Structure formats: structure tokens, C-alpha cells
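Single-letter residue listing:
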Amino acid sequence: MSWRLITDDGAAAADGLAGDESLADRVGRGTSPPTLRLYTYRPHVALIGRFQDAAHELDLATCRRHGIGVNRRPTGGGAILMGPDQLGVALALRARGLPGRARELMARFSDGLVRGLSGLGIAASFRGKNDLAVGGRKIAGLGIHRSASGGLLFHASLLVDLDVALMARVLRTPFEKTSAELAAVAAGLDTVRNILGEKVALTDVRARVAAGFAESFDVGLEPGELTGAERAARDTLAREKYRTEAWVFQRTEVPDADGAAVLTTPGGRLDVRVALAGRMIKAVHVHGDFFEREEAVADLEGRLRWHASNRPAVAATVREWARLHADGTLAPDSLTQTILSAVRRARATPVDGPYGCFVSPGREREAVGG
Amino acid sequence: MESERLYDVPEDRHYDGTRHLWVRRDAGSGLVRVGIDAIGLEALGELAYIQLKAAGTAVARGESLGTLEAAKMTSNIVAPVSGTIVGRNDAVLQDPLAVNDDPYERGWLVELDPTRWDEEAAELVSGEAIAGWVAAEVERFRAEAPTD
């Protein structure tokens, strides 16, 4: 069996996303072959998740000033900044024969990326529901869209490199964009070049990722391009959907909220901030003067992204995290208690809660005693 | 190995066996309500967002009634029968987890005035076929689950 491999660079936001969605729809209908597209966007585009609010998540004035394209992905998750140093992965397959459960499906798709990174000498692993991490630090965000036609679109953004300062200017964040705060953001993520050095070319990463997917799914890859019919479908979808304000600036009815709590524990002062979408945790940030490896904290924050905010669910995830990081000083019960206190305060005071895919809510300016 | 799970799949309605949506027809009004069944919710996880098409929209079976997001997977909600949307459950738009909490009552999604009920209902899973379908789906999911 073989898939088509499409590689392209410098995609505009609407064209890139319309191409991916229309491919998934056509693959589901059986009018296009299974396709792996490995591509980059023009510098730069800011892409929000399917249900996010662009005005909440992005500094739209900065985007306009710098000519940064803004659009909405068909897949879920947080806002991301894409450009020449972030490899976009779009895999369009038929759903039949693939796992039916979201987590298994995400893990199945991510295996191609894991193998590709392994070929570069990077040991990445699937974390939580939808992250790829190296030593607890996020290196790729993952998302899936299931079309009405039975097609599946797997999306990933792999950080070959990242301008953290630019990302912080474009994505709205709740913290002061000081060097210390940016360093805290950077500590939670990693890039291929940070691990391997500046000389790694994106084209080399792309080749490894392609080989990783071929190996994972036991398929051959035939280089190709969009057909005339596929280009027409992409252009129609871009015109009727991705280039419309109704799509880019649509709003959801789920209320955002954020909250914070502080607790002094035997292991140190624990300061937790959470961002909620309704009753779901969108993001959580844990800091304080306790002794815990940055990677372990980043791993916890990753596990709690898009996570239920009820006590049993949070407690179970924190316990599992503590089991895997047994050398730390944070007591799981204290951590759970502080997170749930922050959740309760968030529910009491709904506000805007903008956090990007690679950004956690930051340091609390006016911590409330826990 | 994942332990055996028991799913609540009421026999008072029809099911889209592939997409795990339930359909219940009100005998008096002839209108049908549509929601997600327990197996479908187990596969999706907790719902973060739901968007539904407006009342008055006509949809054919297999077309999208809206979109949802769970664990960063978005999915079209595909109409199990053809009809016109006559009502939406606004409560689940603001609190999608209500679907997970109570999928068969408070967690309904849309109400349709069906246009081809008799012929399309015959293609849904119902009655005595439900038990066998559930057993097959449970087995399928168990085969997919990772082994620790």
C-alpha cells in the first residue's frame, strides 16, 4: 500500500487549512488517495483552535501591524504561531480500520512523529491526550478532525525552532512578558534545534518525519501534488469558509474563566493558576519556591491541559504524575488541593482566558491565599 | 488489559451503529431527538465544545448537524436521519460536559422533524439488535486499548 506525499512551503493560512480539510473530506469520500502533507506556512501565521475566540487568544493589532495571517484550524486545541521553522503535518486517511477512541487514535497517529524524531536521535513520547514531549517538555501539538464523509485529518505542529519572544507578542498571555516569564514559557517546551543544534535543516526533519510515518503505517510514500479537482476544492473551501470573518472570528457559548490559589506546604510555597473553558481545564500553571525539576512541572501542566476539572479526575492525574516523578518534593494531595482551589475561584469569577497551545497561564500578580 | 465495561444503552430508541448517535421519536409529535450514546462518549472523552446548526436548517442523513471538540479531536455530528432542525439544546452549548453527565436525557443535542423516518429508521440499530451491536463494539474497543 502507498500514500501520496505532498511537500510544500510558504502556505498562506486560508489555503493551507482549506487544503487540509478538503483533502480529509475527499479521502473520506474515496475521491482522493491517503495523503501525508508535510509543509510550512509563510512567515508568520497565527492559527487558533477550532472553538477558540481569536480576539481572546491573539493580539490582533500586533498581527495586523506585522502582516501575520490569522485563521481558525478545523482541529482543536490552543493557538499556535506557524512559520518557516515549524513543520506542519497533515495526514488525511479514511477512518475505517483505525481506532475509534480519540486517545488511541491520537497515539496511533503520533507514532509516525515519534519514529521520525527517533530517526533524528530525539526520544519523544506521546503525553496525556494530545502532546508529544521530550523529557516532559512539549515539542509538538497534535489534533484530529473527523469529517462527515468518514475522513480523518491528523494535524501536528512540530517545533523545529521557535521565536519565543515573537510568539509571546502575537499570542495574548495573562502575564508580563518579561525575560523571566518568557524563560518560564520556554522551559515548558523544546525544539529540534535546541536539542540537536542550529544546523539541522527543516528539509532533513521533514524527510525523517516522512520516513517515520512510512515505517509506522508500513506504507510506501509516492511524491505527488494536488490534482486540478483537489485544488479547485481547496480554493472553494478557502473562499467560502477560511477567508470569511464568520469563520475566523466566530464565538463559542462556553464561558472562559481563570483563577489562582496559593498554598504553603512542607515542600515549599505552591502557586497555581488555572484557565477554564466551562468545566474543562484549558491550561494550568504551577510555580512557587518548591524544588521540582522544570521538566516534571511542564509534564504536569501538559497532562492537565484540556482536562476535566472535577476532583476525582484531577486527583487521579496528579497521582499518576507523582508516581512517574517520585523524586520530587511536591505532595500530590497538596497539589490537587491547590489546583481545585484555583478551579473554584475561576468558576466564581468568569473572565477572558487566553492561552496558546505552547503557553501556560503565567505568574499570578495578586495571589489569593489558599 | 482494560477491564470489562458495562454501557448504559437504553432500548427505547434507535442508534446509528457507526457514529454512536441515538435517535428517539416522540410518538405524539413525530419529532425525533438526537444525542450521543454512552459508547460514543467513552470513545470521545469529555466534551469541551459543541456547535449546532440553527433551527430551520434542513439536513440530509449523513450531513453535518454541527461540530464538537473533545480532547483536541473535533468531529462533525452527522445526522442519523434526514429532517429539519426544529430545536437545539442550548444548555449543552454552554456546558458540553452535561452531555457526558446525562447523555440520554439532559444531554440531547437537536430535535428534528424527520422527512424519511420509516425508511431511514429501518437502517438504524434498534430492539433486539442492540445487545449484539453493543457487544461487538465493546469487543472492538477492547481490542484497540493499549496493554500495560
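The sections below set out a description of the structure shown in this document. Not measured: the values here are computed from a predicted model. (Residues numbered from 1 in each chain as written. Chains lettered and ligands numbered in written order. Predicted model: local features only at pLDDT ≥ 70, side-chain atom pairs only at ≥ 80, totals over all residues. Heavy atoms only, no water.)

### Quick look at the sheet that holds strand E4 (residues 69–72) of chain A
Residue and element names in this part refer to chain A. Judged by pairing direction, the sheet is mixed, and its three strands sit side by side in the order E4-E3-E5 without closing on themselves. Only two strands of the sheet have a single neighbouring strand rather than two, namely E4 and strand E5 (80–82). For this sheet the average axis-to-axis angle between neighbouring strands, irrespective of direction, equals 25°. Here strand E3 (residues 45–48) pairs with E4 via four bridges, running parallel. Bridging across to E4, Ala-46 finds its partner in Val-70. Packed on one face of the sheet, helix H1 (residues 13–29) meets E3 and E4 and runs near 25° to E4. (Pairing = 2+ DSSP bridges. Helix = DSSP H or I, 4+ residues; strand = E, 2+ residues; numbered from the N terminus. Axes fitted to C-alpha atoms, helices over the stretch in contact; angles between N-to-C directions. Contact = heavy atoms within 4.5 Å.)

### A short note on the interface of chain B and chain A
Listed by partner, the interface residues are 35 residues for chain B and 40 residues for chain A. Interface area for chain B against chain A, summed over the two sides, is near 3100 Å², with a carbon-plus-sulfur share of 52%. Contact with chain A buries surface across chain B, with Tyr-49, Lys-72 and Met-73 of chain B losing the most and accounting together for 27% of the total. Taken together, the links from chain B to chain A amount to three salt bridges. With a closest N to O distance of 2.8 Å, Asp-101 of chain B and Arg-279 of chain A form a salt bridge. If you look at where chain B meets chain A, you find 16 residue pairs in polar contact (both at pLDDT 80 or more). When the residues that make up the side of chain B that touches chain A are grouped by side-chain class, the tally is 17 nonpolar, seven polar and eleven charged. Across three bridges, the pairing between strand E9 (residues 137–146) of chain A and strand E7 (residues 73–78) of chain B is parallel. By the bridge assignment, Ile-144 of chain A is partnered in E7 of chain B with Met-73 of chain B. (Buried area = accessible area lost by both parts, 1.4 Å probe. Salt bridge = Lys/Arg side-chain N within 4 Å of Asp/Glu carboxyl O. Polar contact = N/O pair within 3.5 Å; in protein donor to acceptor, adjacent residues only side chain to side chain. Nonpolar A, V, L, I, M, F, W, Y, C, P; charged D, E, K, R; others polar.)

### Quick notes on the packing of helix H12 (residues 311–324) of chain A against helix H13 (residues 332–348) of chain A
Residues and elements named next belong to chain A. Closest axis-to-axis distance for the H12/H13 pair is 9 Å, and the angle between their directions is 145°. In this structure, the crossing between H12 and H13 has a hand that is right-handed. Two secondary-structure elements touch here, H12 through Arg-311, Val-314, Ala-315, Val-318, Trp-321 and Ala-322 and H13 through Pro-332, Leu-335, Thr-336, Ile-339, Leu-340 and Arg-344. Split into classes, the residues belonging to the contact of H12 with H13 amount to nine nonpolar, one polar and two charged. (Left-handed = near helix turned anticlockwise from the far one by under 90°.)

### Considerations on the packing of helix H4 (residues 102–119) of chain A against helix H8 (residues 202–217) of chain A
Residue and element names in this part refer to chain A. Where H4 contacts H8, the two axes come as close as 7 Å, and the packing angle between them is 130°. Taken as axis vectors, H4 and H8 run oblique relative to one another. The way H4 lies across H8 gives a crossing that is right-handed. Contacts from Arg-108, Phe-109, Asp-111, Gly-112, Leu-113, Arg-115, Gly-116 and Gly-119 of H4 reach H8 at Arg-208, Val-209, Gly-212, Phe-213, Glu-215, Ser-216 and Phe-217. Counted by class, the contact of H4 with H8 contains five nonpolar, five polar and five charged residues. (Parallel < 35°, antiparallel > 145°, perpendicular 65-115°, else oblique.)

### With respect to unusual backbone geometry
With omega at -15°, the peptide bond leading from Pro-43 of chain A into His-44 of chain A counts as cis. Relative to the elements of secondary structure, His-44 of chain A occurs in the loop between strand E2 (35–41) and E3. Not every positive phi belongs to a glycine, and Asp-218 of chain A is a case in point at roughly 55°. Within the secondary structure, Asp-218 of chain A sits in the loop between H8 and strand E11 (220–223). Not every positive phi belongs to a glycine, and His-20 of chain B is a case in point at roughly 60°. Assignment of secondary structure puts His-20 of chain B in the loop between strand E1 (14–16) and strand E2 (21–25).

### Describing helix H9 (residues 228–242) of chain A
The end-to-end C-alpha distance of H9 of chain A is 20 Å, a good match for the 21 Å that 15 residues give at a rise of 1.5 Å each. Check the buried side of H9 of chain A and you find it contacts strand E1 (2–11), H1, E4 and helix H10 (245–248) of chain A. (Expected span 1.5 Å × (residues − 1).)

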